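# Per-entry structural report
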Amino acid sequence: MDTNFEQIIPWNGAQDTGYDVRMKWMRNFAKIAEALTELATTDAEWAKKYLRKDQPDTAQAVITFLKGLTAGDFQQGSTGVGIYQDDEGNWHIETDYLDVRMKFTAKEVEIQRVYHIAGAQIKSSANMQCVRVDELEDAYRCYMNTTDDDGNEITNDFKVNDQAYVQTFNLVKQADGTVGNHFLWRLVTGVGTDYIDLSKDVCASGSDAPKAGDDIVQLGYRGTDDPNRQNAVIDAGAGEGSPYYRQFTGINSFSFPEPETQLKPGDNIVTGRMKIQPGSTGSANLTDLPDEVYKAVQIGGENLLLNTAFAGDYDSKKLDPATTLQKDTQMYSPNMLYWTGNGTTIAEASAPAGFACQIGNISQPVALISGENYVFSFFAKGSDMEMSCGGNNISRQLTGSYQHYSIKFTYQSGGVFLISGNATVHSLKLERGTIATDWCPSVLDPSSVADRFKGVWYLQQALKGSTQFIGGLGLTTMMQLGKWTDGVMEKVNAGISGIYNEDTDVAFWAGGTFEQAIATVRKIIGGENPTDEEWKSLAKFVATHGGDIFLRGYIYALGGVFRGIVYAEGGEFRGKFETSLNGQRIVIDPEDGSLKMLDEDGRTAVNISFSNDDGRMTAGLMITEYEGDTAWFSTRILGRSVTMVNNLSNYGAIFLPDQIRFLSDNSELFSLSMAHDYNTGKKKILITGSNWNEEELLAGTVYVDSNGFLKVSKKQTV
């Protein structure tokens, strides 16, 4: 290699044209080119160090590309191949096809492709595509290919006693009647390497015969040795009842059992264990919770705050006679009853009682349990509100319209519940537990307040329920009956209610609305006797869950038994009235105007009777004492006399206002009477007797001797 280059001397004067310099440059560059050519063709070590751009070459070591690498006419998202880094530092490989011959491992794969399935997709234990059908004597033999388009072997996974299912969608029937939607669900009676036999007789109603081109899936199993073959998953985006995702177990006939799992808008079914993550909502809408859920949540229901509707108690104020009434004197309890602090009630149509409270701060005493969970719920609007109770201070930011809020807390100590802020609130409820339930008044609120709202929350509970019929059994929360004309209920006039919170809740009613039935119970149980005018706004017949009956009208009965106490503040009993208790009875008979008490043998012990003849009314009481079936002693009491008789010995006594008489065998033995002396105007006592003229007899006997003297016999000398 010639490296002896000529020395180049710069321009040296005005007589220098530069020709020699240029020639030297040309000769030196020629030597350089010859040297490079010599190196490229003869020096192997030099060739290993550089890559050629004009011909194929091989890199002998790792080459690092800091900015990326492209091949072909790379246009991102279009053509060529590219390896590049995005703005976030992540590297991308973009190409049309990526063929992996051995193994592909990725932490996450995202496949962007849209699929379409017309109808439903069934996931079960077996499937096949029918390529040919032979009709046998008692079955259809459906053949399948045992290899796919790529030459891979396909096994027949069907089993005897499987159920084979086919259903097609949106296939158009041709003019000759061939091709079109069809359905079959048949029992598999035989299985071969490349076929299955489908029963002609054992099939679902309306099943077609199979045909070439059918996609046959296994759906159900009638054996007992492999219950897993009775499982299936159906994902339907079209067809009857769609869309839905259902998981089935126990398919052993040509009908579907209830799904174990169903995902369907508005009708989701989940069985088994369910894990609820933090932040989940809607738990307050769950009903019939299993025990595990009740252990995880606590539901109270009773409102621990008084007058949360800001409606007072509606009781009229009792005034002292000396009270002076002013123009603005409230004659009813104030709306802020039980609350103290700075609050003003206003009319609010959306509130249960029609009132809300604009607060600065209001409070009332509470008696809660230390360490227990409580939840406070309310409707509010404004800017902000804070609740303080039991060592907790919890605030909420509000909006300009009413929203429902709830605050959960654990009570520690203190005896005051306080809310404050710039807010308007209504429907406050403090309850024990962790789930806020619908508002209701406190059980300690006056009954007049509870009466006003009771119909509202009962109807609310009824509307939240559902009605279903299972065979001949109807299960419903409430049934209301009335006049139904042209699709409109003109007036509710009777009904049945299954809502039970206490014995006084209405079970049956007639002659009014449900609210009027509640009013009937509350009024009469409260000790009032409705007037005829008040009955116009009450239900005329009500029966409660506790067994009480309230009615206005007549009771007609051919028979019946009253047990216990019968209360009647007014009314009429017409006709014969008889009670019975273990054979003893009381009989009221209007025909003879008597009231009798009889024993189990029919003997009259007491007889009260009266009569009214020619304007003279008399009444009497007869009391009889028996010896066996014989009346021994009897006493008769009249308005003017008392008569006592020993019926066996035939003696007695009569007591009158002016006389006492003793009788024997219907004869008077002794009489003590009061007489009037008209000459003197004085009273005197007369004593008479039928045996006074007899001789001296027993000691103590009163008699008249022969001289006309009244004497008493003395004791005989022994």
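Up top is the structure.
## As for the overall build of the protein chain
Summing up its helical and strand segments, the protein chain has six helices and 41 strands in all. Each of the 718 residues in the protein chain was classed as buried or not, and the buried ones make up 26%. Put simply, of all contacts in the protein chain between residues at least 6 apart along the chain, 44% involve residues at least 24 apart.

## Things to note about the sheet that holds strand β1 (residues 69-75)
Paired through their backbone hydrogen bonds, the strands of a sheet run either parallel or antiparallel. Overall, antiparallel pairing links the three strands, which are arranged β1-β2-β3 in an open sheet. Whereas interior strands pair on both sides, the edge strands pair on one side only; in this sheet they are β1 and β3 (91-94). Between one strand axis and the next, the sheet turns through 25 degrees on average, direction left out of account. Strand direction decides the pairing type here: strand β2 (residues 79-85) and β3, joined by four bridges, are antiparallel. The residue of β3 that forms the bridge with I83 is I93.

## Some words on the side chain of N307
Secondary-structure assignment places N307 in the loop between α3 (291-296) and β16 (340-347). Accessibility expressed as a relative area gives 4% for N307, which makes it buried. Of the polar contacts made by the side chain of N307, one reaches the backbone nitrogen of A311; its length is 2.9 Å. Apart from residues lying up to four places away in sequence, N307 is in contact with G312, N335, M336, L337, Y338, W339 and D445.

## Some remarks on the side chain of N335
Tracing the backbone shows N335 in the loop between α3 and β16. Not counting the four nearest positions on each side in its chain, N335 is found in contact with N307, F310, A311, G312, T345 and F355.

## As for the sheet that holds strand β24 (residues 478-485)
Within the open sheet, the five strands sit side by side as β24-β25-β26-β27-β28. Their pairing is antiparallel. Unpaired on one side and paired on the other, β24 and β28 (549-551) mark the two borders of the sheet. Each strand axis lies, on average, 25 degrees off the axis of its neighbour in the sheet, ignoring direction. Pairing of strand β27 (residues 541-544) with β28 involves three bridges; the strand directions are antiparallel. The residue bridging F541 from the neighbouring strand is L551, located in β28. Running over the sheet, helix α5 (residues 514-525) touches β24, β25 (488-497), β26 (506-510), β27 and β28 and is turned about 110 degrees from β26.

## A look at the nonpolar core
Among the nonpolar cores identified, the biggest contains 27 residues, and F376, M385, F417, I419, V425 and L430 are the most heavily contacted of them. Looking at this core, the elements with two or more residues in it are β17 (355-365), β18 (373-389), β20 (403-410) and β21 (416-432). Other than its neighbours up to four places away in sequence, F417 contacts L305, W339, I362, S363, Q364, V366, F376, M387, S388, C389 and L430.

## Some thoughts on the environment of T224
Turning to its location among the elements, T224 is positioned in the loop between β11 (215-221) and β12 (232-236). For T224, a relative accessible area of 78% gives the class exposed.

## With respect to the pattern of salt bridges
In total, this model carries 16 salt bridges according to the counting rule given. A salt bridge links D162 to R229, with the nearest nitrogen and oxygen atoms 2.5 Å apart. Taken as a pair, D162 in strand β8 (residues 162-167) and R229 in the loop between β11 and β12 lie far apart in primary sequence, 67 residues in all. According to the relative accessible area criterion, R229 is buried, its value standing at 9%. Measuring nitrogen to oxygen at the nearest pair gives 3.5 Å for the salt bridge that ties R552 to D532. Of the two residues, R552 sits in the loop between β28 and β29 (577-581) while D532 sits in helix α6 (residues 532-535), which places them 20 residues apart along the sequence. Within this structure, K523, E528 and E534 form a network of salt bridges that share partners.

## Quick notes on α5
Taking 1.5 Å per residue as the helical rise, α5 with its 12 residues ought to reach 16 Å, and the 17 Å between its terminal C-alpha atoms agrees with that figure. Considered for burial, the residues of α5 that qualify are F514, A517, I518, T520, V521 and K523. Following α5 by one or two positions, G527 adopts a phi angle in the positive range, close to 95 degrees.

## As for the pairing of β17
Pairing between β16 and β17: eight bridges, direction antiparallel. Within β17, the residue paired with T340 across the bridge is S363. Two strands pair when backbone bridges link them, and β17 and β21 are joined in this way by eight bridges, in the antiparallel orientation. Looking at β21, one finds that P365 is bridged to V416.

## Focus: unusual backbone geometry
With a phi angle near 55 degrees, F310 is a residue other than glycine that sits in the positive phi range. Relative to the assigned elements, F310 resides in the loop between α3 and β16. At Y338, a position not held by glycine, the phi torsion is positive, near 75 degrees. Tracing the backbone shows Y338 in the loop between α3 and β16.

## Comments concerning the packing of aromatic side chains
Inspection of the entire model under this criterion finds 15 aromatic pairs. Geometrically, the ring pair formed by Y374 and F409 is stacked, given 6.1 Å between the ring centres and 25 degrees between the ring planes. With Y374 in strand β18 and F409 in strand β20, this pair connects stretches of sequence that are 35 residues apart. Residue Y374 shares its accessibility class with F409, and that shared class is buried. Here the aromatic rings of W509 and F514 are separated by 5.1 Å at their centres, their planes lie at 45 degrees, and the arrangement is tilted. Here W509 falls in the buried class, since its relative accessible area comes to 3%. On the basis of relative accessibility, which here comes to 1%, the residue F514 falls in the buried class. An aromatic cluster is defined as three or more aromatic residues linked by ring pairs; in this entry it consists of Y165, F183, W185, F248, F254 and F256. Between the NZ or CZ atom of K200 and the centre of the ring of Y140, over which it lies, the distance is 5.4 Å.

What counts and what doesn't
- Within every chain, residues take consecutive numbers counted from 1 along the sequence as written.
- Thresholds applied to this predicted model are a pLDDT of at least 70 for local features of residues and 80 or more for the giving and counting of side-chain atom pairs; totals over whole chains, interfaces and linings are not thresholded and use all residues.
- Only hydrogens and water are removed before side-chain values are computed, so all heavy atoms of the structure are retained for them.
- Per the convention used, a helix needs a DSSP run of H or I reaching at least four residues, while a strand needs a run of E reaching at least two, with both numbered from the N terminus.
- Exposure is judged per residue with a 1.4 Å probe applied to protein chains only, and the accessible area is read against the type maximum: over 50% gives exposed, under 20% gives buried, and values in between give partly exposed.
- We call two residues contacting when some pair of their heavy atoms lies within 4.5 Å.
- If DSSP finds at least two bridges between two strands, the strands pair.
- Fitted lines through C-alpha atoms give the axes, limited to the stretch in contact for helices. The angle between two N-to-C directions lies from 0 to 180 degrees.
- Polar contact is defined as a pair of N or O atoms within 3.5 Å, subject to the rule that within protein one atom must be able to donate a hydrogen and the other to accept it, and that residues adjacent in sequence are counted only when both atoms are side-chain atoms.
- Think of a nonpolar core as a cluster: buried Ala, Val, Leu, Ile, Met, Phe, Trp, Tyr and Cys residues, connected wherever their side-chain atoms sit within 4.5 Å.
- When a carboxyl oxygen of Asp or Glu is within 4 Å of a side-chain nitrogen of Lys or Arg, the pair counts as a salt bridge.
- Helix span is expected to be 1.5 Å times the residue number reduced by one.
- Two rings from Phe, Tyr or Trp (for Trp, the six-membered ring) form a pair when their centres are within 6.5 Å of each other. A pair whose planes differ by under 30 degrees is stacked, one over 60 is edge-to-face, and the rest are tilted.
- For a lysine, the NZ atom is tested; for an arginine, the CZ atom; a charge sits over a ring if that atom is within 6 Å of the ring centre and within 35 degrees of the ring normal.

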